[in-house]
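What follows is the residue order along each chain.
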Amino acid sequence: MNDVSDVALRLAIVFVVFLVAPLLVGQTEHKVMAHMQGRLGPMYAGGFHGWAQLVADGVKFAQKEDVVPAAADRRVFQLAPAVALLPYLLVLVVIPVGPGDGAVGQAVDAGIFFVLAVMGIGVLGSLMAGWASANKFSLLGGLRTAAQLLSYELPMLLTAASVAMAAGTVSLTGILDAFAWWWLPWQIVGALVFFVAGLAELQRPPFDMPVADSEIIFGAYTEYTGLRFALFLLAEYAGIVVLCALTTVLFLGGWHGPFGADGLGWLWTVLKTALLAFVVIWLRVSYPRLREDQLQKLAWTTLVPLALAQIALTGIVKVAIN
Amino acid sequence: MPPIPGSGLAKGLAVTLRTMTRKTVTAQYPDAQPELPPRSRGVIGLFEENCTVCMLCARECPDWCIYIDSHKETSPPAAPGGRERSRNVLDRFAIDFSLCMYCGICIEVCPFDALFWSPEFEYAETDIHELTHERDKLREWMWTVPEPPALDPGAEEPKEIAAARKAADKLAAQRAQEQREQQERNQADEKGGTP
């Protein structure tokens, strides 16, 4: 009985975080982006500086008609938003926020494998949406998504493998236990490659070629309306949360920090994740969109060699200290 | 020296971060009134006490958006045996602001200073016909006409003041002249009165 309630409590907390954190990131994006462009952003919804803007948006989305195009593959079309969103919920379950077994939804031994495999499924949602919409722009967007996934999954896996090598384990909690401060300079290249590749996999600007609204309308999401469209948007922001949390855990030492082991570990994780989320928004505001060929070139000629170099460095240092 | 790779990317990030720390430029209009520049062309006010129904404004208007109706009234002679005087009385003065292009020619040509620019701009209507504003409304807008902005330092004196000063100077000089003549006459009288 105790076990059941314990599991239920953990899942409930993860679920609440999964629903709230993306909205926080979204609201931060509204405000940070506005101020970076000399604007104020939402000011009315909720009264105080537009804090309830995303709630208002959600209500609006819920009121909209749920349209399925006549020529669409109905079932796949309707299933796609769930496929895009749910993997991030699953990833969030295994991310440790503090030291010990108490601060993780469910510790998985093959943590890195699980996380990267499940995150790959999220992109499948966009592919399904692009194929099932019976729309040329959606198909273009879906194929671009596929191309992007293929080229950026590789550097992401390689850098994650580098961390696993350094720690000697693929468990996320194990990696955090093995972490020491000098991993930061040691794995810095890997961290950058992982973060950039993760951004590209989330199709965030400047890697938002597949959803380039000024070129192919909104890519795979062109035909979506109402709540299903909102779910895709939520998936993007949940993706940001997951990517930032993962980068924190793998490269920035997660809960490590002053008083990290004495109960303030979760605060460090949240702080680092929030900082990275800010960087994600910052990059979106600062850089123009990459062209499709530039996108591929960056992955194959820059990120993959860098990731391989990082693995070599990790291997050499690992052998040297043993 | 070639630029450091990535320095352009860093510059871009610096620009957005710097902008974030600065004050925003958003005008919160319905909550805060905009600060309009002097001589703003919001709406045209009519100072109907000055209007003589000369029709110059209506004739010069490029859009023909000024409507003026009037009738003649005769007033009895001021002195018995004199001629009856007739004058124009304004019946209707309306400006159709759906046609007006805010060129201000009517204000420029008015010889009696009966038309003025007002900075008032919140007179949107849901029906285009309601944009034709009659004399009472135009007269009300006269109260919103600001004082003319002060002259630039070193600017030429306004013509009215120059003319008034000229007249005043002339009068003063005349007075002084008369006084001097009076004194001279008095002195001459004193000399002549002491034999």
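Residues numbered from 1 in each chain as written. Chains lettered and ligands numbered in written order. Predicted model: local features only at pLDDT ≥ 70, side-chain atom pairs only at ≥ 80, totals over all residues.

Focus on the UniProt feature "transmembrane region" (unreviewed entry) in chain A
All names here are of chain A. Mapped onto the present numbering, the UniProt feature "transmembrane region" (unreviewed entry) falls at residues 7-26, 79-98, 110-133, 154-176, 182-200, 229-253, 265-286 and 298-321. The distance separating the terminal C-alpha atoms of residues 7-26 is 29 Å; by composition the span is 100% helix and 0% strand. In residues 298-321, the share of helix is 100% and the share of strand is 0%. The end C-alpha atoms are 33 Å apart. (UniProt positions renumbered as here; feature names shortened; annotations may be inferred. Helix = DSSP H or I, 4+ residues; strand = E, 2+ residues; numbered from the N terminus.)

Quick look at the UniProt feature "binding site: [4Fe-4S] cluster 2" (unreviewed entry) in chain B
Residues and elements named next belong to chain B. Mapped onto this numbering, the UniProt entry gives "binding site: [4Fe-4S] cluster 2" (unreviewed entry) at Cys61, Cys100, Cys103 and Cys106. Across 46 residues in sequence, these annotated residues keep their C-alpha atoms within 10.6 Å of one another, forming a single compact spot. Relative to the elements of secondary structure, Cys100 occurs in the loop between β3 (85-96) and α3 (105-109). Judged by local crowding, Cys100 falls into the buried class, with 20 C-beta atoms found within 10 Å. Not counting residues within four places of it along the chain, the set of residues in contact with Cys100 comprises Asp63, Cys65 and Ile95. (Buried ≥ 20, exposed ≤ 12 C-beta atoms within 10 Å, placed from the backbone. Contact = placed C-beta atoms within 7 Å.)

Topic: the environment of Leu234(A)
Residues and elements named next belong to chain A. Within the element layout of this structure, Leu234 appears in helix α10 (residues 226-251). Along the sequence, Leu234 and Pro22 sit 212 residues apart, while their C-alpha atoms lie 6.7 Å from each other. Setting aside residues no more than four positions away along its own chain, Leu234 makes contact with Pro22 and Leu85.

Observations regarding the interface of chain B and chain A
Contacts between the two partners involve eight residues from chain B, matched on the other side by eleven residues from chain A. Taken together, the residues of the side of chain B that touches chain A sort by class into three nonpolar, five polar and no charged. (Nonpolar A, V, L, I, M, F, W, Y, C, P; charged D, E, K, R; others polar.)

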